[in-house]
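# Structural description and commentary
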Amino acid sequence: QVQLVESGGGLVQAGGSLRLSCVFSGRTFSTYAMGWFRQAPGKEREFVAAISRRGTDTNYVDSVKGRFTISRDNGKNTVFLQMNSLKSEDTAVYYCAAREIRIQTFTIATMNQVDYWGQGTQVTVSS
């Protein structure tokens, strides 16, 4: 059974930075495409960023391009989300997501492509 454990959330001022981490366990990490989604209060969960199995391909929602960077360390079974220039509208619970896939260039883009979810970590950006 796959387990995803996020950490790194917190309270930060607008313009600041946070780095989220998600530790994967239970299966072979390198066979999973990984991603991050977020859900703000009263809103639906939305896609944020994704990375392919080997980290060669990435995908971002337009609102975070140039500010967020997704990366992974297959030796440490961990995926990261570096968030810079944070804005109040980035406030949300951030969820790590995993999808087992043979296609090495595949990146997650929608919720129905996700096999496993983490429990979420709260990010609050004060203006």
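The coordinates are above.
Summarised in this report is the structure supplied together with it.

Each value, and the rule that gives it
- Residues numbered from 1 in each chain as written.
- Predicted model: local features only at pLDDT ≥ 70, side-chain atom pairs only at ≥ 80, totals over all residues.
- Heavy atoms only, no water.
- Core = buried A, V, L, I, M, F, W, Y, C linked by side-chain atoms within 4.5 Å.
- Buried < 20%, exposed > 50% of the residue type's maximum accessible area, 1.4 Å probe, protein only.
- Contact = heavy atoms within 4.5 Å.
- Helix = DSSP H or I, 4+ residues; strand = E, 2+ residues; numbered from the N terminus.
- 1 Å grid on protein atoms, 1.4 Å probe; cavity = no way out; pocket = protein on both sides within 12 Å on 5 of 7 lines; lining within 4 Å.
- Points joined across faces, edges and corners; volume = space filled by probe spheres on them.
- Nonpolar A, V, L, I, M, F, W, Y, C, P; charged D, E, K, R; others polar.
- Lys, Arg positive; Asp, Glu negative; His and termini not counted.
- Salt bridge = Lys/Arg side-chain N within 4 Å of Asp/Glu carboxyl O.
- Polar contact = N/O pair within 3.5 Å; in protein donor to acceptor, adjacent residues only side chain to side chain.
- Disulfide = S-S within 2.5 Å.

With that out of the way, let us pick up the nonpolar core. Counting residues in each nonpolar core, the largest one holds 28 residues, and the members touching the most others are Met34, Trp36, Val79, Leu81, Met83 and Tyr94. Excluding residues that lie within four positions of it along the chain, Val79 makes contacts with Leu20, Ser21, Cys22, Phe29, Met34, Trp36, Ile51, Ile70, Ser71, Arg72 and Cys96. Counting residues in each nonpolar core, the second largest holds nine residues, with Ala33, Ala97, Ile101 and Phe106 among its members.

In this structure, Phe29 sits in the loop between strand 3 (18-25) and strand 4 (32-39). Separated by 24 residues in sequence, Phe29 and Val5 place their C-alpha atoms 13 Å apart. Beyond its immediate sequence surroundings of up to four residues, Phe29 is in contact with Phe24, Met34, Arg72, Asp73, Asn74, Asn77, Thr78 and Val79.

A few words now on the layout of surface pockets. Considering only enclosed or pocket space, the largest pocket measures out at about 160 Å³ in volume. Taken together, Arg38, Gln39, Ala40, Lys43, Glu44, Glu46, Ser63, Arg67, Glu89, Asp90, Thr91 and Ala92 form the lining of the largest pocket. In the lining of the largest pocket, the residues fall into two nonpolar, three polar and seven charged.

Our focus in this paragraph is the side chain of Glu6. Here Glu6 lies in strand 1 (residues 3-7). Buried charged residue Glu6 carries no salt bridge. Nearest counter-charge: Arg45, at 7.5 Å. Reaching out from Glu6, the side chain makes a polar contact with the backbone nitrogen of Gln119 at a distance of 3.0 Å. Discounting residues that sit within four places of it in the chain, Glu6 has contacts with Ser21, Cys22, Trp36, Tyr94, Tyr95, Cys96, Gly118, Gln119, Gly120 and Thr121.

Our focus in this paragraph is the state of the cysteines. Under the criterion given, the structure shown has one disulfide. Covalently, Cys22 is tied to Cys96 through a disulfide, its sulfur atoms 2.1 Å apart. Its torsion about the S-S bond being -85°, the disulfide of Cys22 and Cys96 is classed as left-handed. Here Cys96 lies in strand 9 (residues 92-100) and Cys22 lies in strand 3, a separation of 74 residues in the sequence. Judged by its relative accessible area of 0%, Cys22 falls in the buried class. Relative accessible area serves as the criterion here: at 0%, Cys96 is assigned to the buried category.

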